[in-house]
Amino acid sequence: MNNKERQELAMWAVEFAKKKGASEVAASIDNSRSSEVEIREQKIEVIKESTTNGLNLNIYRDHKYSGHSTNNLNKKDLEKFITEAVEATKYLTADEFRSLPDASLYPTDLNKDLKIEDKSYNTVDPEQKIKIAKEIEQIALSKSDKIITATGGFWDSYSESVLVHSNGLVADRSSTFFGASGSVTVKDGDARPSGGDWAGGRFFSNVPSAEQIGSNAADIALRKMGQTKIASGKYDMLIENRTASRLLYMFMRPMSARSLQQKSSYLDGMLGKQVASPLLTMIDDPFIAGGFGSRLYDGQGIAAKKRVMIEKGILKEYYIDNYYGKKLGMTPNGGSSSNIRFELGTRGFDEIVKDVKSGIFVTSFNGGNSNSTTGDFSYGVSGFLVENGKIVKPVNEMNISGNAKEFWLQLAELGNDPYKYSSMLSPTLVFNDIDFSGL
């Protein structure tokens with residue numbers, strides 16, 4: 001079944017549900033394929049391939065709502081499925097805010113090519129995937145006799161979907177993804193530090209060489225040898241670009257309409273107010289070519305738009321989904337993030353480090369959490385001690401804690417090195433005078 005056939009089936013399902021008594025209907029049909037290979041000791045440790053195909057149906061009946069799904073796309077069987085779904089919905093409690101988005105919120109141009117589908121997806125055969133994974137493991141193991149285990153991996157996915165709403169939306173999209181990874185464990189006395197690397201993108205050509213991934217994975221693990229705790233105190237904190245998303249996602253949940261409506265957001269009432277250092281400008285950009293989060297519309301069918309969420313530290317927008325937006329009396333603009341990019345600084349990581357007198361370069365978060373209601377957070381971290389402009393030694397079992405309201409005001413610099421293997425395109429972040437708990 002191709003997307004045209006899925007679209008026809010979805011349109012039929014919507015019309016059939018309306019004939020059976022539904023006031024409004026949303027139907028989506030999705031098809032996805034994925035594969036995964038993992039190599040250890042040059043043998044296949046894991047090999048998986050899966051295909052899923054299904055219909056999701058959202059029924060609105062006099063402001064009563066229910067969601068249903070099935071993998072059976074036979075029309076005769078769907079008649080019974082849809083009839084029972086519509087009938088069951090009438091027994092639910094009415095909610096005045098349950099309805100499809102207003103048709104004015106739907107995209108008007110669905111022809112823009114976001115470069116998120118590799119048309120040659122089916123030409124990448126299993127032998128190529130296995131070969132890449134084996135090379136990654138071989139290269140990683142060759143880097144040091146301290147390495148005791150290594151794995152190489154490769155995975156990919158392909159997705160097609162259609163979305164049809166009874167009040168006018170008919171849309172479809174296709175996307176692909178390819179990724180490769182390496183994981184390494186080293187012997188360090190009684191300790192067994194481990195590390196890894198991965199990279200990929202929408203196109204097979206986006207996957208870096210096995211040499212790069214295998215070498216990076218080995219280097220990341222090897223540089224953890226000799227990890228130790230250091231004394232508690234105030235240090236400047238540098239956050240690795242590929243790790244910074246853990247902190248930046250502190251903003252996402254509190255920015256949501258659901259959190260605002262349920263009074264569980266420390267950002268409630270903060271539109272137009274300072275929530276971070278003037279250095280922070282955060283842009284939600286769904287139109288980045290090949291972006292991990294690129295899209296023309298979200299899961300609700302609401303048109304994607306480029307938006308400045310935080311400008312020079314000032315909160316400019318929230319993420320407003322259809323249901324909670326109606327409860328709040330706010331116009332829905334999409335309830336989730338796409339690609340997040342930043343106004344960058346002028347210096348790279350190496351230049352930034354040279355100016356650090358006493359700091360910790362954080363490369364991983366080891367547990368912890370943040371409270372979206374209060375802004376309080378606590379994270380375990382590991383990384384490297386920086387003294388007089390040089391990385392001195394690896395450190396672990398450290399902890400940072402505080403409150404987001406004060407923490408983001410301590411942001412002192414952003415690098416010019418955004419991490420490209422994520423929808424969160426964060427550069428290196430620098431914070432001044434952060435309390436670390438250690439010895």
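Structure: above.
The structure reproduced in this document is the subject of the present report. (Residues numbered from 1 in each chain as written. Predicted model: local features only at pLDDT ≥ 70, side-chain atom pairs only at ≥ 80, totals over all residues. Heavy atoms only, no water.)

### Topic: the overall build of the chain
Here comes step 1: Looking only at helices and strands, the chain features nine helices and 16 strands.
Here comes step 2: Taken along its principal axes, the extent of the C-alpha atoms in the chain is 75 × 55 × 35 Å.
Here comes step 3: With 439 residues in all, the chain has 51% of them scored as buried.
Here comes step 4: On the chain, roughly 20,300 Å² of surface is accessible, and the fraction owed to carbon and sulfur atoms is 46%.
Here comes step 5: Side-chain charges in the chain split into 54 positive and 56 negative, and the spacing between the mean points of these groups amounts to 2 Å. (Helix = DSSP H or I, 4+ residues; strand = E, 2+ residues; numbered from the N terminus. Buried < 20%, exposed > 50% of the residue type's maximum accessible area, 1.4 Å probe, protein only. Areas by Shrake-Rupley, 256 points an atom, 1.4 Å probe, with all protein chains shown as cover. Lys, Arg positive; Asp, Glu negative; His and termini not counted. Charge placed at Lys NZ, Arg CZ, Asp CG, Glu CD.)

### Description of helix α3 (residues 126-141)
Here comes step 1: Across its 16 residues, α3 extends 23 Å between first and last C-alpha, which sits within 8% of the 22 Å expected from 1.5 Å per residue.
Here comes step 2: Lys129, Ile130, Ile132, Ala133, Ile136, Glu137, Ile139 and Ala140 are the residues of α3 that are buried.
Here comes step 3: Two to three positions downstream of the cap, the backbone nitrogen of glutamate 127 sits 3.2 Å from a side-chain oxygen, assigning the N-cap of α3 to aspartate 125. (Expected span 1.5 Å × (residues − 1). Polar contact = N/O pair within 3.5 Å; in protein donor to acceptor, adjacent residues only side chain to side chain.)

### Considering the sheet that holds strand β2 (residues 43-61)
Here comes step 1: One open sheet accounts for six strands, arranged β3-β2-β1-β4-β5-β6; its pairing is antiparallel. Each end of this open sheet is capped by a strand with a single partner; those strands are β3 (64-70) and β6 (194-201). Taken pair by pair, the neighbouring strands of this sheet meet at an average axis angle of 20 degrees, ignoring direction.
Here comes step 2: Where strand β5 (residues 170-186) meets β6, eight bridges bridge the pair, whose relative direction is antiparallel. Bridge assignment links serine 181 to a residue of β6, and that residue is tryptophan 198.
Here comes step 3: Against the sheet, α3 touches β1 (24-40), β2, β4 (147-165) and β5, its axis set at about 145 degrees to β4. (Pairing = 2+ DSSP bridges. Axes fitted to C-alpha atoms, helices over the stretch in contact; angles between N-to-C directions. Contact = heavy atoms within 4.5 Å.)

### Observations concerning the packing of helix α1 (residues 3-19) against helix α2 (residues 75-89)
Here comes step 1: Running from N to C, α1 and α2 point in directions that differ by 40 degrees, and their axes come no closer than 10 Å. Relative to α2, the element α1 is oriented oblique. By crossing handedness, the relation of α1 to α2 is classed as right-handed. Counted together, Leu9, Trp12, Ala13, Phe16 and Ala17 of α1 and Lys75, Leu78, Glu79, Ile82, Thr83 and Val86 of α2 form the full contact between these two elements. (Parallel < 35°, antiparallel > 145°, perpendicular 65-115°, else oblique. Left-handed = near helix turned anticlockwise from the far one by under 90°.)

### Considering the side chain of threonine 243
Here comes step 1: Position of threonine 243 relative to the elements: it lies in the loop between β7 (233-239) and α5 (245-248).
Here comes step 2: Discounting residues that sit within four places of it in the chain, threonine 243 has contacts with Thr363, Ser364 and Phe365.

### Looking at α1
Here comes step 1: Taking 1.5 Å per residue, 17 residues should reach 24 Å; α1 reaches 24 Å between its end C-alpha atoms and fits that length.
Here comes step 2: Among the residues making up α1, those that are buried are Asn3, Arg6, Leu9, Ala10, Trp12, Ala13, Val14, Phe16 and Ala17.
Here comes step 3: Where α1 begins, the capping side chain belongs to asparagine 2, and its oxygen is found 3.1 Å from the backbone nitrogen of lysine 4.
Here comes step 4: Downstream of α1 by one or two residues, glycine 21 has phi in the positive range, about 120 degrees.

### Observations regarding the sheet that holds strand β10 (residues 314-315)
Here comes step 1: What the four strands build is an open sheet, ordered β10-β9-β8-β11; its pairing is antiparallel. The outermost strands of the open sheet, each flanked by one partner alone, are β10 and β11 (340-342).
Here comes step 2: With two bridges joining them, strand β9 (residues 307-311) and β10 adopt antiparallel strand pairing. Residue pairing in the sheet places glutamate 311 in a bridge with isoleucine 314 of β10.

### Details of the side chain of serine 372
Here comes step 1: One can find serine 372 in the loop between β12 (358-370) and β13 (376-387).
Here comes step 2: There is a polar contact of 3.1 Å between the side chain of serine 372 and the backbone oxygen of serine 264.
Here comes step 3: Setting aside its immediate chain neighbours within four residues, serine 372 contacts Arg253, Pro254, Ser264, Ser265 and Tyr266.

### Quick look at unusual backbone geometry
Here comes step 1: You will see that aspartate 62, though not glycine, has its phi angle at about 55 degrees, which is positive.
Here comes step 2: With a phi close to 50 degrees, lysine 312 is a non-glycine residue in the positive phi region.
Here comes step 3: With respect to the secondary-structure elements, lysine 312 resides in the loop between β9 and β10.
Here comes step 4: Overall, the relative accessible area of 48% leaves lysine 312 in the partly exposed class.

### Re the pairing of β13
Here comes step 1: Counted residue by residue, β13 has nine buried out of twelve residues, so it is predominantly covered.
Here comes step 2: As paired strands, β12 and β13 are joined by ten bridges and run antiparallel to one another. Its bridge partner being in β13, valine 362 is matched across the sheet by glycine 383.
Here comes step 3: Between β12 and the antiparallel strand that follows it, β13, lie five residues; glycine 375 among them carries a positive phi value of about 90 degrees.
Here comes step 4: Pairing analysis gives eleven bridges linking β13 to strand β14 (residues 390-403), with the strands arranged antiparallel. Considered in β14, the bridge of phenylalanine 384 is made with proline 394.

### A word on the pairing of β1
Here comes step 1: Bridge count between β1 and β2: 17 bridges; the pairing is antiparallel. Across the sheet, residue serine 35 finds its bridge partner in β2, namely glutamate 49.
Here comes step 2: Connecting β1 to the antiparallel partner β2 that follows it, the hairpin turn spans two residues, and glutamate 41 within it adopts a positive phi of roughly 55 degrees.
Here comes step 3: Alignment of β1 against β4, held across 15 bridges, turns out to be antiparallel. The partner of serine 34 across the bridge, within β4, is serine 157.

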